[in-house]
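Coordinate analysis (summary)
Listed below, chain by chain, are the residues.
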Amino acid sequence: MEEKNTKNNTLISLKNLSKSYYKGSKEIKVLNNINLDFEPGKFYLIVGHSGSGKSTLLKIMGLIDKPTNGEIFINNNNVNNLSDRKLAKFRNNEIGFVFQDYFLDKLLTAYENVTVPMIINKEYKKRKIVKKRALELLDFVGLKDRIKHFPKELSGGEEQRVAIARALANDPSIILADEPTGNLDVESEKFIFEKLKEMSKNGKCIIMVSHSKDAINYADKVLEVKDGVIL
Amino acid sequence: MSSLKITIKKFFRNKLNYLILILIGICCAFSIIVNSLTYSTKEYYKDNVLNWADYRIFSILHPENREKLINKLNSMEEVIGVFDEYGYYTAWYMPDIEEHFEGKEITVRISGVAGEIPAVKGENLPATDEDVMICPITYRPLENLLVENTKLEFDLTPFIGKEMTIVPLESRSPGKDDIYKEFKIKLVGLYDNDRLNNFYHDCYTNYNTLAKIRKQVTTIKNNSHIYFQIDDKINEEKVISELKKSGYFAHSVMDIDYVLAVDSFDTLEYIGKGLFIISMLIVLCLFSYNLFRNKKIIKLNKILGYSNIRLLFNSIIETILLFINSCISLIIFLLVGIHVFKNYLPDHYPSFKQINLIISPLEFKKVFIVLIFIIAFIFIINIISLLLGKSNRKNII
Ligand SMILES: Nc1ncnc2c1ncn2[C@@H]1O[C@H](COP(=O)(O)OP(=O)(O)OP(=O)(O)O)[C@@H](O)[C@H]1O
Ligand SMILES: [Mg+2]
């Protein structure tokens, strides 16, 4: 039952999306009937109180979690009922993640961490292409001279920059960032925000959750989650 | 760079894996060596000590009907010789070699045996009745036992092929010159007594030869035993039980005193087993801990786009790596263990000198099966964690 989303220029479309968690028989409504569209080339900032459901929303959009009700369309494709393999492929191709605690593989170097999504992707089979792209991305985030460093040999800001390079590895159209600067100082934060902004200008859809006051200066659109709905 | 290469790299970068591999290697190798040592020792005894002529000689006391018993014994396939007190052992003086020990009186025990005794120098003692004897290659006079700290040793090699003079003990007491008697017996060869216990002054001749000589010097009043020798220790139980059925109770003439502390092997075996179990538990704990650490990375890989099948594939690769490297580690520690056994232990525990460490294939097989079980268990834990990772999707971010 492939439903087509008719709207043009919409990358992600959430339709009547709800999410509830169940603790025993008790239902905790986190998201309630959300309808949202995200366009490419835009920088979205999601704000809201702690526990309001921002991360939950990102996880659902990132195809890591499933909504209780409603549908998600990405590139006009209904991704609700994809198989595990197709979901994995979709995540790999279309979505880049940046997390608050960087989430790098500690056993891999900066360079290797960036190559992982490409290795999974069959289109990047050629070693040379993978290498070139990984080095370009590390250069983009200003870590050209840190490629052989392991995460423990990098500062927090540097780790997050590696994570950004990794998120860009397969040139996805969507970047989901959940408090990417939560652990960083002002300077590092500025660098990350600027990079994300630059990426949005290059046509990517950036969706970022942030508590930072400065974040608003970079965002094209601010969405506030409150009581399960978007204001 | 491929997924396989990354998996392999990660395996070798994880220091915990080395700890796991070393533990697996040490405990498997230790277990194999300890068990093989026990096995080798037992084999050694079976082949070298327990099957020695003396251990195959049995006696029966006060047989009611001597003739009937002798006939019975002679009819038994496994019995290679039947004799009485005259053919059993006695002590003799050997004047020929006394000169070499500064006038000390040198005693030798001469035992009568039925079968052939192999020589390491000269010729074997033949199974047939000839006036020849075979003596130990490392000869120590009986007196040696009585006087502590004297280790008189004598090389009998120059006497091989020579007629030796032997004098019965009872004819050489002071003031008994009238009954002094000498006999000649040819020394045909020397047997290897180094691998036996306390056989330092035991020469052997055929029981008929011995009886023939002894009958010329002694009259044994209490000739109440019948002795017989069997062909192989393996048949001991069979022969003894068959005799029992006929009402004869046969006893080994030798106490089987284990030369080496076989008991200490039992302790070692227990230690080995204990260590093995403890190490395996540690390995499993370490592995679980490793997995716990890994769970986060499994989640990450899922986010980055690994499908469950690919994660399973990685898990299989990791398991194979663990298995191959466990085997390598096992082989390395086994070689080290064997080296230590061959070069270090015999210097400190001389009893090990004789034993040839045979790594029994059975032990290998046992340890191998245990190893496979452990790896399989680890693999199952791996799969469970994959499934857990799946259900924990919500907590990824
Ligand atoms: N797996 C879960 N089971 C039950 N409840 C959950 C689960 N995950 C989240 N919740 C609940 O859902 C609500 C929203 O959580 P979420 O993590 O989306 O908040 P958030 O807006 O990201 O908060 P923060 O700003 O602190 O990160 C919270 O009340 C939380 O307790
Ligand atoms: Mg959150």
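Residues numbered from 1 in each chain as written. Chains lettered and ligands numbered in written order. Predicted model: local features only at pLDDT ≥ 70, side-chain atom pairs only at ≥ 80, totals over all residues. Heavy atoms only, no water.

Comments concerning the side chain of Asn-121 of chain A
Relative to the helices and strands, Asn-121 of chain A resides in the loop between helix H3 (110-120) and helix H4 (127-140). Beyond its immediate chain neighbours, meaning those up to four positions away, Asn-121 of chain A contacts Asn-92, Asn-93 and Asn-170 of chain A. (Helix = DSSP H or I, 4+ residues; strand = E, 2+ residues; numbered from the N terminus. Contact = heavy atoms within 4.5 Å.)

Remarks on the site of ligand 1
Near ligand 1 there are 14 residues, and of these Ser-50, Gly-51, Lys-54, Ser-55 and Thr-56 of chain A occur at the shortest range. Around ligand 1 the close residues trace back to chains A and B. One of the side-chain N or O atoms of Tyr-21 of chain A is found 3.5 Å from a nitrogen atom in ligand 1. At a separation of 2.8 Å, an oxygen atom of ligand 1 approaches a polar backbone atom of Gly-51 of chain A. (Near = heavy atom within 4 Å. Polar contact = N/O pair within 3.5 Å; in protein donor to acceptor, adjacent residues only side chain to side chain.)

Regarding the interface of chain A and chain B
The interface is formed by 31 residues belonging to chain A together with 27 residues belonging to chain B. Here chain A packs against chain B, burying approximately 2900 Å² in sum over the two surfaces, 63% of which is carbon and sulfur. Taken together, chain A and chain B are joined by three salt bridges. Inspection of the region where chain A meets chain B yields eight residue pairs in polar contact (both at pLDDT 80 or more). Going through the elements one at a time, helix H2 (84-94) and H3 of chain A are the ones with two or more residues in the side of chain A that touches chain B. Looking at the side of chain A that touches chain B, its residues break down into 16 nonpolar, three polar and twelve charged. (Buried area = accessible area lost by both parts, 1.4 Å probe. Salt bridge = Lys/Arg side-chain N within 4 Å of Asp/Glu carboxyl O. Nonpolar A, V, L, I, M, F, W, Y, C, P; charged D, E, K, R; others polar.)

Some thoughts on unusual backbone geometry
Residue and element names in this part refer to chain A. Here the phi dihedral of Asn-76 falls at roughly 70°; this positive angle occurs in a residue that is not glycine. Inspection of the secondary structure assignment puts Asn-76 in the loop between strand E4 (69-74) and strand E5 (77-78). Taking relative accessible area as the criterion, Asn-76 reaches 24% and is therefore assigned partly exposed. With a phi close to 60°, Phe-103 is a non-glycine residue in the positive phi region. Summarising the element assignment, Phe-103 is placed in the loop between strand E6 (95-98) and H3. (Buried < 20%, exposed > 50% of the residue type's maximum accessible area, 1.4 Å probe, protein only.)

Things to note about the sheet that holds strand E2 (residues 26-38) of chain A
Residue and element names in this part refer to chain A. Strand order across the open sheet formed by four strands is E2-E1-E4-E5, with antiparallel pairing between neighbours. The open sheet terminates on both sides in strands that have one partner only, identified here as E2 and E5. With nine bridges joining them, strand E1 (residues 12-23) and E2 adopt antiparallel strand pairing. Bridging across to E2, Tyr-22 finds its partner in Glu-27. Docked against the sheet, helix H1 (residues 54-61) engages E1, E2 and E4, running at close to 120° with respect to E1. (Pairing = 2+ DSSP bridges. Axes fitted to C-alpha atoms, helices over the stretch in contact; angles between N-to-C directions.)

Some details on the packing of helix H1 (residues 3-13) of chain B against helix H9 (residues 308-343) of chain B
Residue and element names in this part refer to chain B. Running from amino to carboxyl end, H1 crosses H9 at an angle of 45°, the nearest separation of the two axes being 10 Å. Considered as vectors, H1 and H9 are oriented oblique to each other. Read as a crossing pair, H1 and H9 show a hand that is right-handed. Facing Ser-3, Leu-4, Thr-7, Ile-8, Phe-11 and Phe-12 of H1, the residues of H9 in contact are Arg-310, Asn-314, Ile-317, Glu-318, Leu-321, Leu-322 and Asn-325. Split into classes, the residues belonging to the contact of H1 with H9 amount to seven nonpolar, four polar and two charged. (Parallel < 35°, antiparallel > 145°, perpendicular 65-115°, else oblique. Left-handed = near helix turned anticlockwise from the far one by under 90°.)

Considering the packing of aromatic side chains
Summed over the entire model, instances satisfying the criterion amount to 15 aromatic pairs over all chains. Arranged with centres 5.6 Å apart and planes meeting at 25°, the rings of Phe-58 of chain B and Phe-228 of chain B form a pair that is stacked. Of this pair, Phe-58 of chain B sits in strand E1 (residues 57-61) while Phe-228 of chain B is found in strand E10 (residues 225-230), placing the two residues 170 residues apart along the sequence. Looking at Phe-228 of chain B, the relative accessible area reads 0%, which means it is buried. Measuring from ring centre to ring centre gives 4.1 Å for Tyr-88 of chain B and Tyr-227 of chain B, while their planes differ by 15°; the resulting arrangement is stacked. With Tyr-88 of chain B in the loop between strand E2 (79-84) and strand E3 (90-93) and Tyr-227 of chain B in strand E10, the pair connects residues that are 139 residues apart, well separated along the chain. Take Tyr-88 of chain B and Tyr-227 of chain B: they sit in the same class, and that class is buried. Here a set of aromatic residues connected by ring pairs shows up, and it is made of Phe-83, Tyr-88, Tyr-89, Tyr-207 and Tyr-227 of chain B. Above the face of the Phe-191 of chain A ring, Arg-161 of chain A is positioned so that its terminal group lies 4.5 Å from the ring centre. (Phe/Tyr/Trp six-rings, centres within 6.5 Å; stacked < 30°, edge-to-face > 60°. Lys NZ or Arg CZ within 6 Å of the ring centre and 35° of its normal.)

Description of the packing of helix H5 (residues 156-167) of chain A against helix H6 (residues 186-201) of chain A
Residues and elements named next belong to chain A. Put simply, H5 and H6 touch, their axes get as near as 10 Å, and they point 10° apart. Accordingly, the angle class assigned to the pair H5 and H6 is roughly parallel. At the point where H5 passes H6, the crossing takes the right-handed sense. Together, Gly-157, Gln-160, Arg-161 and Ile-164 of H5 and Ser-188, Phe-191, Ile-192 and Met-199 of H6 make up the contact between the two elements. Each residue belonging to the contact of H5 with H6 can be placed in one class, and the counts come to four nonpolar, three polar and one charged.

As for the pattern of salt bridges
A complete count under the given rule lists 17 salt bridges over all chains for this structure. Among the ionic pairs, Lys-10 of chain B bridges to Asp-105 of chain A, the shortest N-O distance being 2.4 Å. With Lys-10 of chain B in helix H1 and Asp-105 of chain A in the loop between E6 and H3, this pair bridges two chains. Asp-105 of chain A shares its class with Lys-10 of chain B; the two are buried. For the salt bridge of Arg-146 of chain A with Glu-158 of chain A, the shortest nitrogen-to-oxygen distance reads 3.2 Å. One end of the pair, Arg-146 of chain A, is in the loop between H4 and H5; the other, Glu-158 of chain A, is in helix H5, with twelve residues separating them in the sequence.

Concerning helix H2 (residues 15-49) of chain B
With 35 residues, H2 of chain B should cover 51 Å at 1.5 Å per step; its first-to-last C-alpha distance of 49 Å lies within 8% of that length. The N-terminus of H2 of chain B is capped by Asn-14 of chain B, whose side-chain oxygen sits 3.2 Å from the backbone nitrogen of Leu-16 of chain B. (Expected span 1.5 Å × (residues − 1).)

Describing the state of the cysteines
Per the stated rule, a full pass over the model turns up one disulfide over all chains. Unpaired in this structure, Cys-28 of chain B has its nearest cysteine sulfur neighbour in Cys-27 of chain B, at a distance of 4.6 Å. (Disulfide = S-S within 2.5 Å.)

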